[in-house]
Amino acid sequence: MDLTLVRNATLLLDMGGRRLLVDPMLDPAGARPPVAGTEPPLRNPLVDLPRPAEEVVAGLDAVLVTHLHADHLDDTAVALLDARVPLACQPPDEAVLREERGFGDVRPVTGGIDLCGIGVARTDGRHGTGAVGARMGPVSGFVLGAPGEPVVYVAGDTIWCDEVDEALAEHAPHVVVVNAGAARFTEGDPIIMDADDVVATARAAPRATVVAVHLEALNHCPLRRAELRAAVDEAGVGGRVVIPGDGETLAL
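Residues numbered from 1 in each chain as written. Predicted model: local features only at pLDDT ≥ 70, side-chain atom pairs only at ≥ 80, totals over all residues. Heavy atoms only, no water.

Asker: Would you mind going over the overall build of the chain in detail, with residue names and values included?
Answerer: Tallying secondary structure elements over the chain gives seven helices and 14 strands in all. Scaling as 2.2 N^0.38, a compact globule of 252 residues should have a C-alpha radius of gyration of about 18 Å, and the chain matches this with 17 Å. Sequence separation of at least 24 residues holds for 61% of the intrachain contacts in the chain that already meet a minimum separation of 6. A total accessible area of about 10,000 Å² is found for the chain, and carbon and sulfur atoms account for 49% of it. (Helix = DSSP H or I, 4+ residues; strand = E, 2+ residues; numbered from the N terminus. Rg over C-alpha atoms; globule rule 2.2 N^0.38 Å. Contact = heavy atoms within 4.5 Å. Areas by Shrake-Rupley, 256 points an atom, 1.4 Å probe, with all protein chains shown as cover.)

In structure tokens:
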């Protein structure tokens, strides 16, 4: 299986003879204003795609969208994706994807589904704590499996929480992809994983490779790759944590 980090949380997965795109954010750099209520006031995305957006969407068998925030499905992606592509999502997002975004083959994941020969199970998460987390709305992760391939758990926009711990115990993934930029508003705790959460994930899945993404692409994600590398190395789990650069492909 090959996993390519495109940018932020956008992934290309080549597994089981299928090509899957996860959470496509394909806008050019600077296309959108800063996330409201965050610092520093820089336009998003902070960096360009490592390859043309048209190449990212070419030859896809299916798309998975963990939730509908713009850094996981943006207007450029909606315009470029084939409206007929099978698209897996969390159940609350089905109507918007069909009626407002124009996708014709939307497949909500409750327990599990077959997505073009790839097994997909939905997992829960928490997009922050307290009132901020509640305002962020529901989010999901997905566990992907195919014969002869490693089991991949894409945790989605979540902090370390009981739901993530339970997903690790239930599915025993070989690869865990975590969104780890420590995104936050000017008030409140991080709304996705910070360095401590990545360490906790690695310790809870001692036989898995942890792939940390969602870094250095948005104005409200302060955690840098170098800082995360130093933290996981100091905690003694760095040998199992991979922090790819934009455009990098991992053979797993």
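Asker: Lay out the sheet that holds strand β2 (residues 10–15) with the relevant residues and their values.
Answerer: Spatial strand order, β6-β5-β4-β3-β2-β1-β14: seven strands in an open sheet with mixed pairing. The open sheet terminates on both sides in strands that have one partner only, identified here as β6 (106–108) and β14 (249–251). Taking the axes of each pair of neighbouring strands and ignoring which way they run, one obtains an average angle of 20° across the sheet. Pairing of strand β1 (residues 2–7) with β2 involves five bridges; the strand directions are antiparallel. Residue pairing in the sheet places Thr4 in a bridge with Leu12 of β2. (Pairing = 2+ DSSP bridges. Axes fitted to C-alpha atoms, helices over the stretch in contact; angles between N-to-C directions.)

Asker: Account for the side chain of Thr123, naming residues and giving values.
Answerer: Within the fold, Thr123 resides in strand β8 (residues 118–124). Here Thr123 falls in the buried class, since its relative accessible area comes to 4%. The contacts of Thr123, once residues within four sequence positions are left out, are Val139, Ser140, Gly141, Phe142, Val143, Tyr153, Ala167 and His171. (Buried < 20%, exposed > 50% of the residue type's maximum accessible area, 1.4 Å probe, protein only.)

Asker: Which residues make up the pairing of strand β9 (residues 140–145), and what values go with them?
Answerer: With respect to burial, β9 is a largely interior element, five of its six residues being buried. Relative to β9, β8 runs antiparallel, the two being bridged by six bridges. Paired with Ala121 across the strands is Val143, a residue of β9. Pairing between β9 and strand β10 (residues 152–154): three bridges, direction antiparallel. Paired with Phe142 across the strands is Val154, a residue of β10.

Asker: Before we move on, could you go through the pairing of strand β7 (residues 112–115) and cite the residues and values that matter?
Answerer: Look at any regular strand and the pattern is simple: side chains alternate between the two faces of the sheet. Pairing geometry for β7 and β8, over four bridges, is antiparallel. Paired with Ile113 across the two strands is Val120, which belongs to β8. In sequence, β7 turns back onto β8 through a hairpin of two residues, with Cys116 there showing a positive phi of about 55°.

Asker: Quick rundown of the sheet that holds β10? Include the residues and the values.
Answerer: In spatial order, the strands read β7-β8-β9-β10-β11-β12-β13; together these seven strands make up an open sheet with mixed pairing. With partners counted over all chains shown, the strands left at the sheet margins are β7 and β13 (241–242), one partner each. Against the sheet, helix α5 (residues 162–171) contacts β8, β9, β10 and β11 (175–179), and its axis sits at roughly 150° relative to β8.

Asker: An account of α5 is needed here, citing residue identities and associated values.
Answerer: Taken together, the buried positions of α5 are occupied by Val164, Ala167 and Leu168. Projected onto a plane normal to the axis of α5, the buried residues spread over an arc of 100° and lie on a single side. Away from its buried face, by an angle of more than 90 degrees, α5 presents the exposed residues Glu166, Ala169 and Glu170. Those residues of α5 hidden inside the fold are in contact with β8, β10, β11 and α6 (195–204). Just downstream of α5, Ala172 is the residue with a positive phi angle, here 45°. (Arc of directions from axis to C-beta.)

Asker: Quick rundown of the packing of α6 against helix α7 (residues 225–234)? Include the residues and the values.
Answerer: Two elements in contact, α6 and α7, have axes whose closest approach is 9 Å; the angle formed by their N-to-C orientations is 45°. Taken together, the axis directions place α6 and α7 in an arrangement best described as oblique. Here the hand of the crossing between α6 and α7 comes out right-handed. Along the contact surface, α6 presents Ala195, Val198 and Val199, while α7 presents Leu228, Ala231 and Val232. Considering only residue class, the contact of α6 with α7 consists of six nonpolar, no polar and no charged. (Parallel < 35°, antiparallel > 145°, perpendicular 65-115°, else oblique. Left-handed = near helix turned anticlockwise from the far one by under 90°. Nonpolar A, V, L, I, M, F, W, Y, C, P; charged D, E, K, R; others polar.)

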